[in-house]
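# Fold and contact review
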Amino acid sequence: MYADCIVPLPLEGVFTYSVPTHLSQKVQVGCRVNVPFGAKKQYAALVTRLHEEKPAYQTKDILAVLEEEVMLLPNQLKLWQWVAEYYMCTLGEVYKAAIPSGLKEKDGVVRYRPRTIDCVRITEEYFDPFKLNAVLSTMKVAPKQQLLMLKYIELTGLGAALTLKNPQILKEITKEELLKAAGCSSTILKAVCDRGLLEEYEVLVDRIPTGQIPAELIIQPLSQAQQVARDAISGAWQQKEVCLLHGVTSSGKTEIYIHLIAEALKEGKQVLYMLPEIVLTSQLTDRLRKVFGDRLGVYHSRYTDAERVEVYRKQVSDQPYDIIVGVRSSVLLPFRNLGLVIIDEEHENSFKQTEPAPRYHARNVALVMAKLAGAKTLLGTATPSLETYYNAIQGKYAYVSLTTRYGNVAMPEIEVVDIAEEKRKKLMSGPFSPLLLREIREALERKEQVILFQNRRGFAPVVECQVCGWTPQCPHCDVALTHHKRNNQLVCHYCSYSTPVPHRCPQCDGDNLSSKGYGTERIEDVLKNIFPEARVARMDLDTTRSRSAYESLIKGFQKGETDILIGTQMVTKGLDFRKVTVVGILNASTMLNQPDFRSYERAFQMMTQVAGRAGRSVSSEENRVGKVVLQVHDASQSTVQQVVRADYKAMFTEQMEERRMFNYPPLCRLVYVYMKHRDENVLEHMAEELAKILRMVFGHRVLGPDMPAVARVQTMYIRKVCLKIELEANMAEVRKRLRELQAYLLAKQEYKSAVMYYDVE
Ligand SMILES: [Zn+2]
Ligand SMILES: [Zn+2]
């Protein structure tokens, strides 16, 4: 017998191994096996097929079967194959992306321990008021032990539990909490435990004791508008597999999801609830856990590998999580009985993986996944992607809209400020227009909160010599270095190269280097000068390196410990902050001037989302609406006007016209062919040659070669050729041609150290 296997390597196809007789009973399709590879490597491979077709080459034996369970389910394999085909990568690359590293190691047997926490409780023997009092009185000679016991009694409510003779009502307390409260060391606790009074035990961290509470009690009733939308979605699913829920910001989409999830669970189905990384906060998972308890599993890239292994293993077990809430990669997880897929913030760019392969779009993969499982899909957003909205108006997806905010909170009022004009009149205070400053000041006076959005981190995007105009560039990439003031470094945002800011200009030796432009760090500085009494916090990549830092920024803001939150696109997401009444978009022009056919669409989405953070004034009785100040260089720009009027349809119509005129998605499929090389001349040659051959096959569908916006990253020069393929074309044929071409080019001696890859969509 032979077994075809996927190995976790970026190589084409599957590899065939022979199954030794002693393993023939154990090897099955989908199980994990140890296989030798090359001269002395071993990998944990996944079996995709068992057969008796002897290959033309000498096969090696499978070395061991790593566990009895099947780790790759049939539909999951089909989906992986689709991903590899569609996104033009290898099955091994999909395997690498899909499986936590703990399950890819060669010996495979990962002895992971579920995360536990040490807790302390009274022993059964001393859950007795007489015995307890007796021993407490003897403890006078050991005052620290006595203190520890008294703290234990106080913190757990032991008195009441003894009176009611019910140990169940004791509050669970961790060892750490108890020691901290009593101000004792663990030696004291050990002594008390040795006397048989207390005992330590372990609790699984994820165990949330809500299992007993009936879900119905915690599900909040829907508002009338939400209920109408919910019913419309259920109705739409009778006709179509996919439904778009187009609900304005703060319309309470999450509550609708919760009701739909509960419905699917009632039917015994599993649910995948996918959202962008920065939206998956502990506030959201706490909210979901209150309803669904331990039926909910969380799959997050910021979790440890052991935690992800745990979720993966549970999904292939016979008691999988009923709901997985997760980020992009959760779409590659195993599901046995999927009934519903929810993709929240479906327009979000972060669903697309750009590096490394598979360069997949999780929304599109999820749609295929749902189709394979016969599940329903809900796409939710306030600002649909053009692709999704196009599919909705073409009738491919059902469409449900929700136009009122939850609690009848009014939509914010958006005021545009032309900062070019203000600059000419010399009215700007750094990055702030007089209007924005006035709005901030008034919000602070009313004890309300402000969010400021600038899509640029660091102190200043450009440092310039005032004498000769020199600006520092990254030595490895074709970009200017960003000034970070806190550590006084110049940093490359592409490769993380950093170097101290020079004192003198290296070109002319002049000593007048000045910072131009505003990053979040500099805005924070300016703000602290103007409003020294305000509590300012900054949320960007630099301040949220750890998961806890991100969560605590959100919590601090929610609790009102911060007056002004300044940040990059991170502040456009997350929870609704009811006390935010002013939102400032500092410079919308940087978003509008991106060299990408999607830049207007994205700018519209980003501006609308960040504007949506502004709620109603809570302190005022006159029911003032939230205010958004949108600063831009050209106020007449049509995208800006569409944001002001909250006119999604106008944006859609205008952008679709352009896409039609220049033939861009959703009216065609885009395939980018990227080439990288250390030698720019070699790369130029290769790119020209590729484009020439591509034109012979694909004719006018080929564009380029072009230099991407950043044409060198980490010392590798980059070129791209763009292919525009008709929607109805046979993609399998396209892929076949491209692969042949790639093999032909890379076989040439002069291109052998070149890198070539594809990015579809
Ligand atoms: Zn100079
Ligand atoms: Zn760099």
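Along each chain, residues carry numbers from 1 onward, in the same order as the chain's sequence is written. Written order determines the labels here, with chains lettered from A and ligands numbered from 1. Local features in a predicted model are, by the rule used here, given only for residues with pLDDT of at least 70; side-chain atom pairs are given and counted only at 80 or more, and totals for whole chains, interfaces and linings are based on all residues. With hydrogens and water set aside, each side-chain value is computed from the structure's full complement of heavy atoms.

### Considerations on the domain arrangement of the chain
As used throughout, domain bounds are those supplied by an automatic or database domain assignment. Considered domain by domain, the chain is made up of domain 1 (2-73 + 89-103), domain 2 (116-204), domain 3 (220-401), domain 4 (413-457 + 520-657), domain 5 (462-516) and domain 6 (668-760). The partner domain 6 presents six residues to the eight residues of domain 5 that form the contact. Two parts placed together each lose some accessible area under a 1.4 Å probe, and the buried area is that loss summed for both. In this assembly, domain 5 packs against domain 6 so that about 600 Å² is buried in total across both faces, 53% of it on carbon and sulfur atoms. On the domain 5 side of the contact with domain 6, His476, Asp478 and Tyr494 bury the most area, a combined 68% of that side's loss. Every case where a carboxyl oxygen of Asp or Glu lies within 4 Å of a side-chain nitrogen of Lys or Arg is listed as a salt bridge. Taken together, the links from domain 5 to domain 6 amount to one salt bridge. Residues Arg712 and Asp478 are paired through a salt bridge, measuring 3.5 Å at the closest nitrogen-oxygen approach. Counted as a polar contact is a pair of N or O atoms within 3.5 Å, where, for protein atoms, one must be capable of donating a hydrogen and the other of accepting one, and residues adjacent in sequence contribute only when both atoms are in side chains. Where domain 5 touches domain 6, the interface holds four residue pairs in polar contact (both at pLDDT 80 or more). Side-chain classes follow a simple rule in which Ala, Val, Leu, Ile, Met, Phe, Trp, Tyr, Cys and Pro form the nonpolar group, Asp, Glu, Lys and Arg form the charged group, and the remainder, Gly included, forms the polar group. A breakdown of the residues in the side of domain 5 that touches domain 6 according to their chemical character gives six nonpolar, one polar and one charged. Residue contacts are counted whenever heavy atoms from the two residues lie within 4.5 Å of one another.

### A short note on the pairing of strand β15 (residues 398-402)
What you see with β15 is a clean split: Ala398, Val400 and Leu402 sit on the buried side and Tyr399 and Ser401 on the side with no burial. The pairing criterion for strands is at least two bridges between them, as found by DSSP. Only DSSP runs of H or I reaching four residues or more are called helices, and only runs of E reaching two or more are called strands; each is numbered from the N terminus. Pairing between strand β9 (residues 242-247) and β15: five bridges, direction parallel. Along β15, the bridge assignment pairs Leu245 with Val400. The cut-offs for exposure are 20% and 50% of the maximum accessible area for each residue type, with area from a 1.4 Å probe on protein chains only; residues under the lower value are buried, those over the upper are exposed, and the others partly exposed.

### Comments concerning the coordination of the zinc ion (ligand 1)
Any N, O or S atom lying within 2.8 Å of the metal counts as a donor, and for Na, K and Ca the limit rises to 3.2 Å; water is left out, so some sites can look incomplete. Within the protein, the atoms that donate to the zinc ion (ligand 1) are Cys465 (SG), Cys468 (SG), Cys505 (SG) and Cys508 (SG), at distances of 2.2 to 2.4 Å. Between consecutive donors of the zinc ion (ligand 1), the numbers of intervening residues give the motif C-x2-C-x36-C-x2-C.

### What about the environment of Glu524?
Here Glu524 lies in helix α17 (residues 520-530). Note on Glu524: relative accessible area 11%, which makes it buried. Residues Glu524 and Ile564, spaced 40 residues apart in sequence, show a C-alpha to C-alpha distance of 9.4 Å. Reaching out from Glu524, the side chain makes a polar contact with the side chain of Arg538 at a distance of 2.7 Å.

### Section: the sheet that holds strand β12 (residues 323-326)
Taking strand neighbours across the sheet as the criterion, the seven strands line up as β11-β12-β10-β13-β14-β9-β15 in an open arrangement whose pairing is parallel. The sheet is open, and its two edges are formed by β11 (296-299) and β15, each paired on a single side. The average angle at which neighbouring strand axes cross in this sheet is 15°, direction not considered. Along the sheet, helix α9 (residues 224-239) contacts β9, β13 (338-344), β14 (376-381) and β15; its crossing angle with β15, the most-contacted strand, is approximately 180°. All axes are obtained by fitting lines to C-alpha atoms, using only the stretch in contact for helices, and the reported angles, taken between N-to-C directions, cover 0 to 180 degrees. Packed on one face of the sheet, helix α10 (residues 253-266) meets β9, β10 (270-274), β12, β13, β14 and β15 and runs near 170° to β13.

### So, the side chain of Glu348
You can see Glu348 is positioned in the loop between β13 and α13 (362-373). For Glu348, a relative accessible area of 9% corresponds to the buried category. With residues near it in sequence (within four places) discarded, Glu348 still touches Pro276 and Lys573.

### What to know about the sheet that holds strand β2 (residues 15-18)
Remark on secondary structure: sheet strands pair via backbone hydrogen bonds, oriented parallel or antiparallel. An order of β2-β1-β4-β3-β5 is seen for the five strands of this open sheet, with the pairing classed as antiparallel. Each having just a single partner strand, β2 and β5 (64-65) make up the two edges of the open sheet. Inspection of the sheet shows strand β3 (residues 32-37) paired to β5 by two bridges, in the antiparallel sense. The residue bridging Val33 from the neighbouring strand is Val65, located in β5.

### What about the packing of aromatic side chains?
Classification of ring pairs rests on two measures: the distance between centres of Phe, Tyr or Trp rings, Trp counted by its six-membered ring, which must be within 6.5 Å, and the angle between planes, read as stacked under 30 degrees, edge-to-face over 60 and tilted in between. Taken as a whole, this structure holds 15 aromatic pairs when the rule is applied. Considering the side-chain rings of Trp82 and Tyr87, the 5.9 Å spacing of their centres and the 85° angle between planes classify their relative orientation as edge-to-face. According to the relative accessible area criterion, Tyr87 is buried, its value standing at 1%. Two conditions define a charge sitting above a ring: the NZ of Lys or the CZ of Arg must be within 6 Å of the ring centre, and it must be within 35 degrees of the ring normal. Above the face of the Tyr518 ring, Arg522 is positioned so that its terminal group lies 4.6 Å from the ring centre. Geometry around Tyr664 places Lys724 over its ring, the cationic atom sitting 3.9 Å from the centre.

### Digging into the pairing of strand β26 (residues 627-632)
With six of six residues buried, β26 lies mostly within the body of the structure. The alternating pattern of β26 places Lys627, Val629 and Gln631 on one face and Val628, Leu630 and Val632 on the opposite face, and all of these are buried. Here six bridges tie strand β16 (residues 413-418) to β26, and the two strands are oriented parallel to one another. Bridging across to β26, Asp418 finds its partner in Val632.

### Focus: the environment of Tyr744
Within the fold, Tyr744 resides in helix α24 (residues 731-746). Given the relative accessible area of 44%, Tyr744 is considered partly exposed. For the pair formed by Tyr744 and Leu690, sequence separation is 54 residues and the distance between their alpha carbons is 10.0 Å. Those residues in contact with Tyr744 that lie beyond four places of it in its chain are Glu689 and Ile693.

### A few points about the coordination of the zinc ion (ligand 2)
Reference values for angles at a metal are 109.5 degrees in the four-donor tetrahedral case and 90 or 180 degrees in the six-donor octahedral case. Looking at the zinc ion (ligand 2), one finds its protein donor set to be Cys474 (SG), Cys477 (SG), Cys492 (SG) and Cys495 (SG), positioned 2.2 to 2.4 Å from the metal centre. Taken together, the four donor atoms coordinating the zinc ion (ligand 2) span angles of 106 to 113° at the metal, a pattern that classifies the geometry as tetrahedral. All donors of the zinc ion (ligand 2) come from a single chain, and their spacing in sequence reads C-x2-C-x14-C-x2-C. Residue Cys477 is found in the loop between β18 (462-465) and β19 (482-484), and its partner Cys492 is found in the loop between β20 (489-491) and β21 (498-500); the two are separated by 15 residues along the sequence. Residue class for Cys492 comes out buried when judged on its relative accessible area of 1%. By the criteria applied here, four donors are tetrahedral when all angles lie between 85 and 135 degrees, four are square planar and six octahedral when opposite donors are over 155 degrees apart and every other angle lies between 65 and 115, and any other arrangement is irregular.

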